[in-house]
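Here are the chains, one letter per residue:
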Amino acid sequence: MQRLRFRFNALIATALAVLAAGVSLPATAQDATVSANDTVTLRVMSWDHVEGAVRDWPAVSGEFRVGPDGMLDLPLIAPVAAAGRTTVEIGSDVASALSEQLALSEPPDATVMLDSYRPVLVGGLVENPGQIEFTPGMTVRHAIALAGGPEQTLRRGTEAYRELVGTRGTFWLLTQDRMRLLARLGRLRAEREGLDEIPVPDGLSGPMAERLIREQAEVMDRRRARLASERAALGDQITLLENEIETLEQKLESLERQRELAQEGRDSVASLADQGLVVNNRLFDSERTLVLIENQLLDTSAAILRARLNVAAAQREADELEAMQGTDVVQEMIDAEARLNEVEQRLETTGQLIDIDGVRVTEMLEDSDASTDAADAHYRIYRADGAGVDAQLDSVLQPGDLVEMILPDPGPSQRPIDLE
């Protein structure tokens, strides 16, 4: 794997230069925000200090769709503003609203995840007009590439042109996957080594890298906070049990003294009864008192034993919590490294295809005016509110946008926009 990464570094440097010129990777505030009509998954949990376990809130958890007005309707609380806000901000508002509505001593943990963005529609002179999946940072160039590139009439039969554009789009997506995996591995290594900050891994740079590291740092902080909360709860439980044991041991000492006194009283009464100086009822009362004290001694000893067993169980649970955390981190690292190896192999192959296709396309288009036709095309973006703006290939898209590739004089070859 190390040898593959070494060979891959030079390719990445060259390919990123190509992407900087033609397939850019912009990072915008839009990347981490929710839009109207997006679907999100909400999970609400809290720590039960009595049971010593995490408790789910199924009544307010599940999938929810943001309304056209940008509000998120949830059970138990008033609608929460979602459009244009990050999932972290929404989760914080949900937790605060639940805490206030239910008069909780501390807010629950509300996690919001964006399930899917609204797709982008591509129309006009493209090979495959229609919907394509939106990815944060997507530009007009990426959308056109994923829609198959310019249609056949623009390419003058040059199939290699479409292959090149499609391959560049694939390379862009794989590059994003690689950067996300590198950031995730950086966070897992920081968790395993107990670091306070995530060191930037080799091969991760640029504005997108800063955003990915920031997101992974937030994940690490949340995981550590939850682990610390569980540890504190178990520690409180052990302290309460130890205090209970101390109190029971003091009670046991008191009962021992009472039993000794009751035993002495019973022996004295028995001696007097043998001499006929007291009635047998008094002897019976003395023996009954002694039996009751001995029963209390047995009950107290059993309670001490149960409390000690509970202390051992809580300590074992705390140890298992630490061990499970370490095991989970190691397993995640194994999975992430395997995925990174796969992505880097695909990137190397795809990068070689770009180099080969680039030469072939250049040679094939030397005597053709297909590139001129493609250069004459211009692009227009229609937003969700219906506003249309002229765009360039590097213009950044938003979820739900409609992108149209047109010519100044389209002629009969331009097909209508397909919204299906």
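Going along each chain's sequence as written, the residues are numbered from 1 onward. For a predicted model such as this one, the threshold for reporting local features is a pLDDT of at least 70, and the threshold for listing and counting side-chain atom pairs is 80 or more; totals across whole chains, interfaces and linings nevertheless cover every residue. Side-chain numbers come from the whole structure's heavy atoms, not from hydrogens or water.

**Student:** Just to check I follow, could you spell out the nonpolar core for this structure?
**Tutor:** Buried together is how nonpolar side chains tend to be arranged in soluble globular proteins. Counting 22 residues, the largest nonpolar core has Met 179, Leu 204 and Leu 212 as the members making the most contacts within it. Secondary structure elements are defined from DSSP: runs of H or I of at least 4 residues count as helices, runs of E of at least 2 residues count as strands, and each element is numbered from the N terminus. Within the residue set of this core, elements represented by two or more residues are α5 (159-193), α6 (207-274) and α7 (280-364). Working rule for contacts: check all heavy atoms of both residues, and any pair within 4.5 Å makes them a contact. Excluding residues within four positions of it along the chain, Leu 204 makes contact with Met 179, Leu 182, Ala 183, Ala 209, Leu 212 and Ile 213. Of all hydrophobic cores here, the second largest spans 20 residues; its members include Val 120, Ala 147, Ile 381 and Met 405. Definition used in this section: a nonpolar core is a set of buried Ala, Val, Leu, Ile, Met, Phe, Trp, Tyr and Cys residues joined via side-chain atoms within 4.5 Å. Exposed residues in this analysis have more than 50% of their type's maximum accessible area, buried residues have under 20%, and partly exposed residues fall in between, with area computed by a 1.4 Å probe over protein chains only.

**Student:** Please clarify how unusual backbone geometry should be interpreted in this entry.
**Tutor:** For residues other than glycine, phi is negative in most cases, and the peptide bonds are mostly trans. Here Leu 76, not a glycine, exhibits a phi torsion of approximately 75 degrees, which is positive. Examined against the element boundaries, Leu 76 turns out to sit in the loop between β4 (71-72) and β5 (80-81). Of note in the backbone geometry, Ala 103 takes a positive phi value of approximately 55 degrees without being a glycine. With relative accessibility at 66%, the residue Ala 103 sits in the exposed group.

**Student:** Which parts of the structure should I look at to understand α6?
**Tutor:** Since the α-helix advances by 3.6 residues per turn, residues separated by three or four positions end up pointing in the same direction. With 68 residues, α6 should cover 100 Å at 1.5 Å per step; its first-to-last C-alpha distance of 99 Å lies within 8% of that length. Following α6 by one or two positions, Gly 276 has its phi on the positive side, about 80 degrees. Given the number of residues in a helix, its expected span is that number minus one, multiplied by 1.5 Å.

**Student:** Got a minute to help me understand the sheet that holds strand β8 (residues 130-132) in this structure?
**Tutor:** Hydrogen bonding along the main chain pairs the strands of a sheet, whether they run parallel or antiparallel. Strands are labelled as partners when DSSP assigns at least two bridges between them. The 5 strands are arranged β8-β7-β11-β9-β10 in an open sheet whose pairing can be described as mixed. Edge strands, defined here as strands with exactly one partner in the open sheet, are β8 and β10 (388-391). Ignoring which end each strand starts from, the neighbouring axes of this sheet average 30 degrees apart. In terms of strand pairing, strand β9 (residues 378-382) meets strand β11 (residues 402-406) through 5 bridges, oriented antiparallel. Paired with His 378 across the two strands is Ile 406, which belongs to β11. What counts as an axis is a line fitted to C-alpha atoms, over the stretch in contact for a helix, and the angles between N-to-C directions run from 0 to 180 degrees.

**Student:** I'm lost on the layout of surface pockets in this one. Help?
**Tutor:** Here the idea is plain: a probe the size of a water molecule rolls over the atoms and shows the empty space left. The space that makes up the largest pocket amounts to roughly 1,500 Å³. In this analysis a 1.4 Å probe is tested at points of a 1 Å grid over the protein atoms alone, and where it fits but cannot get out there is a cavity; an open set with protein on both sides within 12 Å along at least five of seven lines is a pocket; lining residues have an atom within 4 Å of a point. Lining the largest pocket are 39 residues, and of these Thr 87, Val 112, Met 113, Glu 215 and Val 219 lie nearest its centre. When residues of the lining of the largest pocket are traced back to their parent elements, those giving at least two are β1 (39-48), α2 (87-102), β6 (109-116), α5, α6 and α7. Residue contributions to the lining of the largest pocket peak at 12 residues, all from α6. Its residues placed into classes, the lining of the largest pocket shows 17 nonpolar, 6 polar and 16 charged. Grid points are joined across faces, edges and corners, and a volume is the space filled by probe spheres set on the points. In this count, Pro and Cys sit with the nonpolar residues alongside Ala, Val, Leu, Ile, Met, Phe, Trp and Tyr, while Asp, Glu, Lys and Arg are called charged and the others, Gly among them, polar.

**Student:** What should I look at first to understand the pattern of salt bridges in this one?
**Tutor:** Pairs may arise between side chains of opposite charge once their charged atoms sit close together. Any Lys or Arg side-chain nitrogen found within 4 Å of a carboxyl oxygen on Asp or Glu counts as a salt bridge. By the definition in use, this model includes 25 salt bridges. As a salt-bridge pair, Arg 223 and Glu 191 come within 3.4 Å of each other at their nearest N and O atoms. Linking Arg 223 in helix α6 with Glu 191 in helix α5, this pair joins segments that are 32 residues apart in sequence. Residues Asp 267 and Arg 266 are paired through a salt bridge, measuring 3.6 Å at the closest nitrogen-oxygen approach. Shared partners join several salt bridges into a network, and the residues in it are Arg 184, Arg 187, Glu 191, Arg 223 and Glu 332.

**Student:** I keep staring at α2 and nothing clicks. Help me out?
**Tutor:** Between the first and last C-alpha of α2 there are 22 Å, a value that for 16 residues agrees with the 22 Å anticipated at 1.5 Å per step. All of the buried residues along α2 are Ile 90, Gly 91, Val 94, Ala 95, Leu 98 and Ser 99. Seen end-on, α2 carries its buried residues on one side only, within an arc spanning 165 degrees. Buried residues along α2 sit in contact with β1, β4, β5 and β6. By arc we mean the arc of the directions from the helix axis to the C-beta atoms, nothing more.

**Student:** How do you make sense of the confidence of the model for the protein when you look at a structure like this?
**Tutor:** Low pLDDT marks stretches whose predicted atomic positions should not be read closely. Averaged over all residues, the pLDDT of the protein is 77; the fraction at 70 or higher stands at 79%. Below pLDDT 50 for its whole length, residues 357-373 participates in 22 contacts with residues either more than four positions away or in separate chains. Scored from 0 to 100, pLDDT records how confident the predictor is in each individual residue. Of the regions scoring below 50 in pLDDT, residues 410-420 engages in 22 contacts with residues more than four places distant in sequence or in other chains.

**Student:** Even after reading the chapter, I still don't get the environment of Val 34, so can you show me in this structure?
**Tutor:** Relative to the helices and strands, Val 34 resides in the loop between α1 (2-22) and β1. By relative accessible area, which is 1% here, Val 34 ends up buried. Beyond its immediate stretch of four places on either side in the chain, Val 34 contacts Val 40, Val 66, Ala 82, Ala 83, Gly 84, Arg 85, Thr 87, Ile 90 and Leu 114.

**Student:** Teacher, can you tell me more about the environment of Leu 173 here?
**Tutor:** With respect to the secondary-structure elements, Leu 173 resides in helix α5. When the C-alpha atoms of Leu 173 and Leu 347 are compared, they prove to be 9.6 Å apart, with 174 residues separating the residues in sequence. With residues up to four places along the chain from it excluded, the contact list for Leu 173 reads Thr 135 and Leu 146.

**Student:** For this particular structure, what's the right way to read the side chain of Ser 46?
**Tutor:** Tracing the backbone shows Ser 46 in strand β1. On the basis of relative accessibility, which here comes to 17%, the residue Ser 46 falls in the buried class. N or O atoms closer than or at 3.5 Å make up a polar contact, with two conditions inside protein: a donor-capable atom paired with an acceptor-capable one, and, for residues adjacent in sequence, both atoms drawn from side chains. Within the structure, the side chain of Ser 46 is placed 3.0 Å from the side chain of Trp 57, a separation counted as a polar contact. Here Ser 46 is in contact with Ala 53, Val 54, Arg 55, Trp 57 and Pro 108, once residues within four sequence places are set aside.

**Student:** Would you mind showing me how to read the environment of Glu 317 here?
**Tutor:** By the secondary structure assignment, Glu 317 is in helix α7. Under the relative-accessibility criterion, Glu 317 is labelled partly exposed at 34%. Distance in space between the C-alpha atoms of Glu 317 and Gly 52 is 9.6 Å, their sequence separation being 265 residues. Residue contacts for Glu 317: discarding those within four places in its chain leaves Gly 52 and Leu 234.

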